[in-house]
Amino acid sequence: MMSTTAIYNPLDTMIKYANMNIQITLLSIVSLSLILIPVTKSQLQSGFYSSTCPKAEATVRSTVETHFKKDPTVAAALLRLHFHDCFVEGCDGSILIKGGTAEITALPNLGLRGFEVIDDAKSQLESLCPGVVSCADILALAARDSVDLSSGPNWAVPTGRRDGRVSLASKASNLPSPLDSVDAQRQKFAAKGLDDRDLVTLAGAHTIGQTDCRFFRYRLYNFTTTGNSDPTLSQSALTDFRTNCPKSSDGTEKVALHKDSQMKFDVNYFKNVRDGNGVLESDQRLWGDPTTRGIVQNYAGTIRGLLGLRFDFEFKKSMVKMSNIEVKTGTQGEIRKICSKFN
């Protein structure tokens, strides 16, 4: 046999080292990318507590139902509480903290109630599953259950929120106000990732609940300091509102946010806005803007059953969207032991 002798080829050596350099370079790029790319935080998910606290959602539901049977107006209170929570620092339970400078002391939050329902549910869950279920999630679930108990839609609430560690009244300036123009409302909603449809749809939560005369009485007697009433009010609404809110009263009288079905979640709120019967100025102004007016018209149409179902569907979507605003998940925040104070 002929012996074979390896022949040195400098080109092979160059290719070998070039390949090694490419591999090293690629490895360096991958390693660098792992450092530079931020870790994606955990996302909310339906059934988050299915293994860690299987009775969590049922416990919240039964608690809300117990309080609702005693006082049906607590449904609107819990829904509003969740809304105010999400618009300041995100949906993190910051509205539940008590203290001299806490979020709850801000002027737009002074009329909030329903805290006892959240505290009741939290107490029960701490007995069942200590340190597992967040106050923020309890509030989101309670808002859903409140709508359902008021003959409104039901939906799966993604859970896994953590409780925030910041609660300051000074951060509540971006809350929507009953005095806001549509443009002002639009800007505040857009800042939270919500569009015009969300704005009108979530305003539909005013289909249940009530407000104090002091928040809209100026529309009855001295609108824009003219000494006249708001011209967008229908004559029948003006008469009714003046009867319920006398000019000489202290303004603490309660008035249903819409006159037809205070305790039932339906599309009559939009019909009231269409007909000039909106209680709050911010609600009635939705009829004066071309874009929001079109959405109100769709919900307030003549075929109540069909369009009522459509509002139900859109409301569920907007609520899930809102309840995802700036949530804390994973290792962010904490799971409070008591909802009214930080750990």
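Residues numbered from 1 in each chain as written. Predicted model: local features only at pLDDT ≥ 70, side-chain atom pairs only at ≥ 80, totals over all residues. Heavy atoms only, no water.

1. As for the confidence of the model for the protein chain
Logical step 1: Confidence in the prediction for the protein chain averages 87 pLDDT; 85% of positions are at 70 or higher.
Logical step 2: Segment residues 1-42: pLDDT under 50, and six contacts once partners within four positions in sequence are set aside and those in other chains are kept. (pLDDT = per-residue confidence, 0-100. Contact = heavy atoms within 4.5 Å.)

2. A word on the nonpolar core
Logical step 1: Counting residues in hydrophobic clusters, the biggest one holds 69 residues, and the most contacted among them are L81, L96, I118, F270, F315 and M322.
Logical step 2: Beyond its immediate stretch of four places on either side in the chain, L81 contacts I95, L96, L112, R113, G114, F115, I118 and L139.
Logical step 3: Residues F216, L238, F241 and V279 belong to the second largest nonpolar core, which totals 13 residues. (Core = buried A, V, L, I, M, F, W, Y, C linked by side-chain atoms within 4.5 Å. Buried < 20%, exposed > 50% of the residue type's maximum accessible area, 1.4 Å probe, protein only.)

3. A few points about the pattern of salt bridges
Logical step 1: This model, assessed by the stated rule, comprises 23 salt bridges.
Logical step 2: In this structure, E57 engages R144 in a salt bridge whose closest nitrogen and oxygen atoms are separated by 3.3 Å. A residue pair is termed long-range when its members are at least 10 positions apart, and E57 in helix α2 (residues 56-70) and R144 in helix α5 (residues 135-149) qualify at 87 residues.
Logical step 3: Ionic pairing is found between K171 and E89, a salt bridge with its closest N-O pair at 3.7 Å. One end of the pair, K171, is in the loop between α5 and α6 (182-190); the other, E89, is in the loop between α3 (74-86) and α4 (115-128), and 82 residues separate them in sequence.
Logical step 4: One continuous salt-bridge network, built from bridges that share partners, spans D183, R186, D196 and D289. (Salt bridge = Lys/Arg side-chain N within 4 Å of Asp/Glu carboxyl O. Helix = DSSP H or I, 4+ residues; strand = E, 2+ residues; numbered from the N terminus.)

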